[in-house]
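Analysis of the macromolecular model
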Amino acid sequence: MANFIYLISIILLRAYLTEQFEKADFLSLERINKINSIAKTWKAGENFDPNTPKEVIIRLMGSIGFSNISRSIHGPVKTSDPLYNRITKIHKKFDARKHWPHCKTMGAVRDQGNCGSCWAFGTTGAFADRLCVATNGKKNQLLSAEELAFCCHSCGYGCEGGNPMQAWKYFKKHGLVSGGNYDTQEGCQPYRFPPCRHGQKGRGSCSSLKIELNHHCHKKCYGNETIDYKSDHVKTKNAYYLSHESMQKDVQTYGPIEASFMVYDDFLHYKSGIYHNTDDTVLIGGHSAKLIGWGVEHGVKYWLLVNSWGTEWGDHGLFKIRRGTNECGIEGSPTAGVPLV
């Protein structure tokens, strides 16, 4: 019954958000110009075809259940770790791609397609990176967002959204197989939704792709069929939220983490700089991304994250968001786990 009520709440929320979208043209050039006239630390540009259906935009949001209340219910908050003692200083500027250059997954920008599976990409992306760090590069491949999205029934509803903390708990209990991008044979279970070319018209654009139903959970390898499904699973030994104070220490120790935040309509147009929410924006939903570093530009602190909307969006698929002010809730409930190796 609880799951049914939860699903109904998601449907009603999306209906409300669609109605909000109908009140203004959020993808217009006029909207972009207005943002650029008031944004102080970042620049907006066209990431989406202005004719993109509004339900496609809303469907990109899929991180649910992240809040202080959810944090207190679903998992422990990690504030200390014996390995933190090895850290002599928090770097002023940190980029996991440069710190662990042998880990090819660190900067991988993936594409969730017409599916609200950002939560699966944010968590599997961080897990893959951490596994590479923990094994000193012996395990150096993408993990399956497909398996997580459609086999973890306790996580949520696949393309209708999921809870990142529940994903890490799934890694701890069940483990996860390898899996690359759409239309590849990479790993055991590659992603099966085609990428959505946000900035294009015609074939391959968001408008041209149907919004597919959730996929079935498979218990075998269909990508690289020489891989043994059971033995390919890798696990974490724990699952936890991070406090704002422990985020940097955990990243420097173990690697990237997942971070969820609230998305407002101006974020859709991010191109460069350090994002902050501007005035007169409309909430679209919750989103998840992989946090890989931080820094300071012109006196403004930022977090550096990898998104899952393809390389055409934002700064080649990445973005910076203001750090230290809990911008859009980015510091409210980050999640992670330590690989079991």
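What comes next is a walk through the structure. These numbers were taken from a predicted model, which means no experiment stands behind them. (Residues numbered from 1 in each chain as written. Predicted model: local features only at pLDDT ≥ 70, side-chain atom pairs only at ≥ 80, totals over all residues. Heavy atoms only, no water.)

Here we look at the nonpolar core
Formed by 53 residues in total, the largest nonpolar core has its most connected members in Leu305 and Phe319. Counting 28 residues, the second largest nonpolar core, distinct from the first, contains Phe121, Ala128, Ala167 and Phe171. (Core = buried A, V, L, I, M, F, W, Y, C linked by side-chain atoms within 4.5 Å. Buried < 20%, exposed > 50% of the residue type's maximum accessible area, 1.4 Å probe, protein only.)

With respect to the environment of Lys139
Note that Lys139 resides in the loop between α6 (118–134) and α7 (145–151). Note: C-alpha distance between Lys139 and Ser178 (39 residues apart in sequence) is 9.9 Å. Apart from the residues within four sequence positions on either side, Lys139 is in contact with Leu131, Cys132 and Val234. (Helix = DSSP H or I, 4+ residues; strand = E, 2+ residues; numbered from the N terminus. Contact = heavy atoms within 4.5 Å.)

Considering the packing of aromatic side chains
Considering all chains together, one arrives at 22 aromatic pairs under this definition. Ring geometry for Phe261 against Phe319: centres 5.6 Å apart, planes inclined by 50°, an arrangement best described as tilted. Linking Phe261 in strand β5 (residues 257–264) with Phe319 in strand β9 (residues 318–322), this pair joins segments that are 58 residues apart in sequence. Residues Phe261 and Phe319 agree in their burial class; the two are buried. (Phe/Tyr/Trp six-rings, centres within 6.5 Å; stacked < 30°, edge-to-face > 60°.)

Here's the deal with the pattern of salt bridges
Enumeration over the complete set of coordinates arrives at nine salt bridges. Linking Lys78 and Asp81 is a salt bridge whose minimum nitrogen-to-oxygen distance equals 2.8 Å. Connected through salt bridges with shared partners, the residues Lys78, Asp81, Arg130 and Asp250 form a single ionic network. (Salt bridge = Lys/Arg side-chain N within 4 Å of Asp/Glu carboxyl O.)

Some points on helix α8 (residues 164–173)
For α8, the tally of buried residues reaches seven of 10 residues, placing the bulk of the element in the interior. All of the buried residues in α8 are Pro164, Met165, Gln166, Ala167, Trp168, Tyr170 and Phe171. The residue sitting at the N-terminus of α8 and contributing the capping side-chain oxygen is Asn163; that oxygen lies 2.9 Å from the backbone nitrogen of Met165. Among the residues trailing α8, Gly175 stands out with phi positive, at a value near 80°. (Polar contact = N/O pair within 3.5 Å; in protein donor to acceptor, adjacent residues only side chain to side chain.)

Digging into the pairing of strand β8 (residues 300–306)
Taken across its seven residues, β8 has five buried, putting it largely inside the fold. Pairing of strand β7 (residues 283–297) with β8 involves seven bridges; the strand directions are antiparallel. Residue pairing in the sheet places Glu297 in a bridge with Val300 of β8. Count of turn residues in the β7/β8 antiparallel hairpin: two residues, of which His298 carries a positive phi of about 50°. Pairing of β8 with β9 involves five bridges; the strand directions are antiparallel. Paired with Tyr302 across the two strands is Arg322, which belongs to β9. (Pairing = 2+ DSSP bridges.)

The quantities given are spatial measurements derived from coordinates; they are silent on function.
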